[in-house]
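# Structural overview
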Amino acid sequence: MEITAEKHPSAVRRGAAGLALAAALATTITATAGSPADAATPTTTVTIAADATPAATVAGVATTADIATGAPPVVPYDFGDCPDIPAGVDAARWKCEVLTATGSLTLGSRTVPELAPMTVTHAEGPLPDGTDGQVWGALRSTSTAVPGGLLGTGTTGHGPLSPLALRPEYGGRSDFHSTGNSLGLFTLRFRVLSPVLPRGCVIGGDAPVELRLRRAGDSEWVSQDPPVIRFDAYDDTFTAPAAVGCGPLGRLVDDRLGLPRGAGNAIALSARYTFKTYDRLPAR
C-alpha cells in the first residue's frame, strides 16, 4: 500500500533528513571529482550480477545495479546448500528440504507487492536420542525495489541516486517443526539498499524480525517424483523495528518506511518445497 498523505512532523523530519541526503550526495560527488592528481586515475566500472552479493559493492555502498531485482539466484531444487548433518544419525531418515517462495511484504507503512524469490534450505531428522533435530542451511535471495524509492517521488525512484530496495537475510534463529497450520519460527533481517546508504543499513540488525508463519489453506502435491509440495503461508502479527546502521540518513529511511511499527506489518508467501533424504544426496 503506497502512502501519499504525510503529517507535518514527518515533513519536518524529511526536511532535516533531506539536508543529510544533500550532504551525502555532495560527499559522493566530491569523492568522485577528486583532486587534479586523482583525475589521471582510470575509472573502474563494476558490473554486478542479478544476485548481488554483499561483496559486490563500491566503497561500502550499494550500487544502482544492486537495487534491481532479477531472476531467482539459484535453480529450483538445487541441493547444493544442504548442510552437514550431525554425526551418528541415520542418513536415510534425515531430509534436506529446499523451499522457494515469493509473495508480498508490508513493512511499516510501505508495501512491496512482489518480493523477489527467496530460497531457504535446511535439514531435519531424528537425533540418536530420538528427539527431533534441525540444521540450518542457507537463505538466498535478490533485492526488491521499494515503490517510490528513498525520496517517495514517482514509482521507480527519483534519479540514479535515490532508488531504495530491501533484501531479506537470515536472522539467526529458525524452528521449522510445524503443528497444524503453525509452521514454526523464522527470523529475518532486511538489508536496506541505496547508493547513498552504507552497506550496514539494516532492519532487524539489533533484534531480527521474528516471523511465525501460518499455513493458509491446504497444501497441494504438485509432483510425486520428484516430490514437490505447494502451499501458501502468512504472518500479520510481527513487529518491525527501526533501521540501524544507516548513517546520517537513518531518520529519512525510518520516515520513508514508517518504522518502527508494532502492528500492521504482514507477509504473504506462495511457496513450493522439495526434499531428498541424505542417503540419496551426492557424497561430499
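A short tour of the structure in this document, coming up. All figures in this text were calculated on a predicted structure; none of them were measured in a lab. (Residues numbered from 1 in each chain as written. Predicted model: local features only at pLDDT ≥ 70, side-chain atom pairs only at ≥ 80, totals over all residues. Heavy atoms only, no water.)

## So, the packing of aromatic side chains
Throughout the structure, instances matching the rule amount to six aromatic pairs. Relative to tyrosine 170, the ring of tryptophan 136 has its centre 3.7 Å away and its plane inclined at 10°; by these criteria the two rings are stacked. Placement of the pair is tryptophan 136 in strand β4 (residues 132–141) and tyrosine 170 in strand β6 (residues 165–175), with a sequence separation of 34 residues. On the accessibility criterion, tyrosine 170 (22% relative accessible area) is partly exposed. Three or more aromatic residues joined by ring pairs form one cluster here, namely Trp136, Tyr170, Phe176 and Phe186. One residue, lysine 95, lies across the ring of phenylalanine 275, its end atom 4.6 Å from the ring centre. (Phe/Tyr/Trp six-rings, centres within 6.5 Å; stacked < 30°, edge-to-face > 60°. Helix = DSSP H or I, 4+ residues; strand = E, 2+ residues; numbered from the N terminus. Buried < 20%, exposed > 50% of the residue type's maximum accessible area, 1.4 Å probe, protein only. Lys NZ or Arg CZ within 6 Å of the ring centre and 35° of its normal.)

## Concerning the state of the cysteines
Counted by the stated rule, this structure contains two disulfides. The disulfide partner of cysteine 82 is cysteine 96, and the S-S distance across this bridge is 2.0 Å. Taking the sign of the S-S torsion, about -95° here, the bridge from cysteine 82 to cysteine 96 comes out left-handed. Of this pair, cysteine 82 sits in the loop between α3 (64–67) and β1 (95–107) while cysteine 96 sits in strand β1, placing them 14 residues apart in sequence. Each member of the pair, cysteine 82 together with cysteine 96, is buried. With a sulfur-sulfur separation of 1.9 Å, cysteine 201 is cross-linked through a disulfide to cysteine 246. Its torsion about the S-S bond being 75°, the disulfide of cysteine 201 and cysteine 246 is classed as right-handed. Of this pair, cysteine 201 sits in the loop between β7 (185–193) and β8 (202–203) while cysteine 246 sits in the loop between β12 (243–244) and α4 (250–257), and the two are 45 residues apart along the sequence. The exposure class assigned to cysteine 246 is buried, which follows from its relative accessible area of 4%. (Disulfide = S-S within 2.5 Å.)

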